Amino acid sequence: MKKIFSILFFLAMAVSAYAQYATPALAERKGCTIKIDGEKLSHHEAELLMSNIGGEDYSAQWAKARGWRTAGISMIAGGGAIAAGGAVTVLIGALTSALGATVGAVAGATVGSIGGEEQAQQSASEAAQKGADAGKPIINGGLIAMGLGLATHIAGIPLTVVNSVRMSKLVDRYNEANEPSETKESGEVLLSFGTTRNGVGLCISF
């Protein structure tokens, strides 16, 4: 009876451990995350996955590239928002100048009419210029905001692209190190620690 229970026990252990002996699933980068068989890994799991690729630790490189990519995306979004706000400010300043010039011209002409037609024209011109100048600080502020926003937006693009490429290369390196065909062709048995189709743990590939 003991022998039967022992055999059944070892069979159960073999079946439950089979998933861990299976070939590791290939990874796929999605933005700042890694997916294994469609399941998204947490940041900690992704760094754990990168901590042992062919015996080398790439977790620090992954975390650094992920951080800079996130910063680049924030710069693109934030810079675009600032530039858009600056454009609206310029429009408001232009409307303020136009309205100020119109109101100033009417008021100046009205006041200046007391001194005759020539005085009215002069007063209207001066008042219109003052009204137009009222919108210049708003326009200048809007232009500065647009410039800063566009510069930030543009700077964020290469930052995002470069670090996206770096992250993709690290994922490719992981997949190359865990490519099933390589272990089969070489006839070697590979013991590694990483993510499998059934979780994270030791994996034997042969």
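1. Some thoughts on unusual backbone geometry
Backbone geometry at D37 places phi at a positive 55°, although glycine is not the residue there. Secondary-structure assignment places D37 in the loop between β2 (33-36) and β3 (39-40).

2. Some remarks on the pattern of salt bridges
As a working rule, side chains carrying opposite charge can pair if their charged atoms are close by. A complete count under the given rule lists two salt bridges for this structure. Its salt-bridge partner being E28, residue K30 comes within 3.4 Å of it at the nearest N-O pair. Of the charged contacts in the structure, one is a salt bridge between R66 and E47, with a shortest N-O distance of 3.1 Å. Separated by 19 residues along the polypeptide, R66 in helix α3 (residues 59-112) and E47 in helix α2 (residues 43-50) bring together distant segments of the chain. Residue classification places R66 among the buried residues on the basis of a relative accessible area of 13%. We classify E47 as partly exposed; its relative accessible area is 27%.

3. Overview of the confidence of the model for the protein
Mean pLDDT over the protein stands at 75; residues scoring 70 or higher make up 60%. Residue range residues 7-22 is modelled with pLDDT below 50. Its contacts to residues more than four positions away, or to other chains, number twelve contacts. Under a pLDDT of 50 for its full length, residues 182-187 has, in the predicted model, five contacts with residues more than four places off or in other chains.

4. Description of helix α5 (residues 136-177)
An ideal rise of 1.5 Å per residue puts 62 Å on 42 residues; α5 measures up with 62 Å between its terminal C-alpha atoms. Where α5 is concerned, the buried positions are G142, G149, G156, T160, N163, S164, M167, L170, V171, Y174 and N175.

5. A few points about the side chain of R69
Among the structural elements, R69 can be located in helix α3. This buried residue, R69, is left without a salt bridge; E28 holds the nearest opposite charge, at 12 Å. If near-sequence neighbours (up to four positions away) are discounted, R69 is found in contact with R29, G31, C32, T160, N163, S164 and M167.

Quick notes on the rules
Residues numbered from 1 in each chain as written. Predicted model: local features only at pLDDT ≥ 70, side-chain atom pairs only at ≥ 80, totals over all residues. Heavy atoms only, no water. Helix = DSSP H or I, 4+ residues; strand = E, 2+ residues; numbered from the N terminus. Salt bridge = Lys/Arg side-chain N within 4 Å of Asp/Glu carboxyl O. Buried < 20%, exposed > 50% of the residue type's maximum accessible area, 1.4 Å probe, protein only. pLDDT = per-residue confidence, 0-100. Contact = heavy atoms within 4.5 Å. Expected span 1.5 Å × (residues − 1). Lys, Arg positive; Asp, Glu negative; His and termini not counted.

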